[in-house]
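For reference, the chains in residue letters:
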Amino acid sequence: MSLFITFEGGEGCGKSTQAKALYRKLCQQGIPVVLTHEPGGTTLGNEIRKLLKRKQESSISPQAELLLFAASRVQLVAEVICPALEEGKVVICDRFAHSTLVYQGYGRGLDLTTVEMVNNLAVQNLNPDTVIFLDISPEQGLARKRAPKDRFELEDLSFHRRVREGYLKAAVADPNRWLVIDATLPKREIAKIVWGEISQLLSNLAL
Ligand code: TMP
């Protein structure tokens, strides 16, 4: 009963905390689960992550950035995500292809069709069963971030506003897959909403 869950959201939305909380909850229930993240999650991906987040790498072109995220994803899908799903595990991924759509497409302004093409090439038809989107205004999210800031956190407010707009559009376009949660709610309340959704999905799968 494999299930692929991704967490998405802008800077400071708390998705990593929630991804970890869900991972712990599933472990407690004895459900086989793998928690991973993007960019990274493999030896190659972790090297790419360092390059992409370092602020002195500000000369990376948007197209190179797109392909670096894609390269990290190809490796993660092949090495971690697909094998775990084939073993019937739940896979939780902290960011996935929707991050590329909104950061490189909406944020950087790359052509959305090109971004989708690259995404499709990288994921080979693998789509999350559920996308948990923690929605927060860029002002509130960025205020939660402490220095030193990475290359993305240092982008201006208009970049982060476009990212949020991209997420909201994607969520509206695919409401059955996306769960939108107000990221300003208390952490425990968010974790309860997430668990409510995932436990329901798991019991439907078990039927
Ligand atoms: P984070 O996961 O620690 O938030 O850092 C990853 C950063 O990289 C974050 O600012 C979002 C950005 N990002 C993209 O721009 N495109 C992508 O495809 C992914 C996965 C992340």
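For the structure itself, look to the data block above.
Below is a short write-up of the structure. A quick note: this is a predicted structure, and the numbers were derived from the prediction, not measured. (Residues numbered from 1 in each chain as written. Predicted model: local features only at pLDDT ≥ 70, side-chain atom pairs only at ≥ 80, totals over all residues. Heavy atoms only, no water.)

What about the layout of surface pockets?
Part 1: Quantified by volume, the largest pocket comes out at close to 750 Å³.
Part 2: Lining of the largest pocket is provided by 33 residues; of these, Glu11, Lys15, Ser16, Arg95 and Lys145 occupy positions nearest its centre.
Part 3: Mapped onto the lining of the largest pocket, the elements with two or more residues apiece are α1 (15-28), α2 (43-53), α3 (62-86), α4 (97-107) and α8 (187-206).
Part 4: In terms of residue class, the lining of the largest pocket is made up of nine nonpolar, ten polar and 14 charged.
Part 5: Quantified by volume, the second largest pocket comes out at close to 390 Å³. (1 Å grid on protein atoms, 1.4 Å probe; cavity = no way out; pocket = protein on both sides within 12 Å on 5 of 7 lines; lining within 4 Å. Points joined across faces, edges and corners; volume = space filled by probe spheres on them. Helix = DSSP H or I, 4+ residues; strand = E, 2+ residues; numbered from the N terminus. Nonpolar A, V, L, I, M, F, W, Y, C, P; charged D, E, K, R; others polar.)

What to know about the site of the ligand
Part 1: Near the ligand you find 14 residues, and of these Glu11, Arg49, Lys53, Thr100 and Gln104 are the closest.
Part 2: Arg95 has a polar side-chain atom sitting 3.2 Å from an oxygen atom of the ligand.
Part 3: At a threshold of 2 Å from the grid points, most atoms of the ligand map onto the largest pocket.
Part 4: Elements represented by at least two residues in the shell around the ligand include exactly α2, α3 and α4.
Part 5: In terms of residue class, the shell around the ligand is built from four nonpolar, three polar and seven charged. (Near = heavy atom within 4 Å. Polar contact = N/O pair within 3.5 Å; in protein donor to acceptor, adjacent residues only side chain to side chain. Sits in = over half its atoms within 2 Å of the grid points.)

Digging into empty space enclosed by the protein
Part 1: What the rule picks out here adds up to one cavity of 30 Å³ or more.
Part 2: Estimated volume of the largest cavity: approximately 100 Å³.
Part 3: Broken down by element, the residue count for the lining of the largest cavity peaks at four residues, all from helix α7 (residues 157-173).
Part 4: Taken together, the residues of the lining of the largest cavity break down into seven nonpolar, three polar and three charged.

Some words on the sheet that holds strand β4 (residues 130-135)
Part 1: In space, the five strands of this open sheet follow the order β2-β3-β1-β4-β5, with parallel pairing throughout. Every interior strand has two partners, whereas the edge strands, β2 (33-37) and β5 (178-182), have only one. Geometrically, the sheet is characterised by an average inter-axis angle of 20° between neighbouring strands, direction not taken into account.
Part 2: Both β2 and strand β3 (residues 90-94) contribute to a ladder of five bridges, which runs parallel. Bridge pairing in β3 links Val33 to Val90. (Pairing = 2+ DSSP bridges. Axes fitted to C-alpha atoms, helices over the stretch in contact; angles between N-to-C directions.)

Here's the deal with the packing of aromatic side chains
Where two aromatic rings form a pair, the distance of their centres and the angle of their planes describe that pair.
Part 1: Scanning the model with the defined rule gives seven aromatic pairs in all.
Part 2: Directly above the aromatic system of Phe96 lies the positively charged group of Arg73, at a separation of 5.5 Å from the ring centroid.
Part 3: Arg151 extends its terminal NZ or CZ atom over the ring of Phe152, reaching a point 4.9 Å from the ring centre. (Phe/Tyr/Trp six-rings, centres within 6.5 Å; stacked < 30°, edge-to-face > 60°. Lys NZ or Arg CZ within 6 Å of the ring centre and 35° of its normal.)

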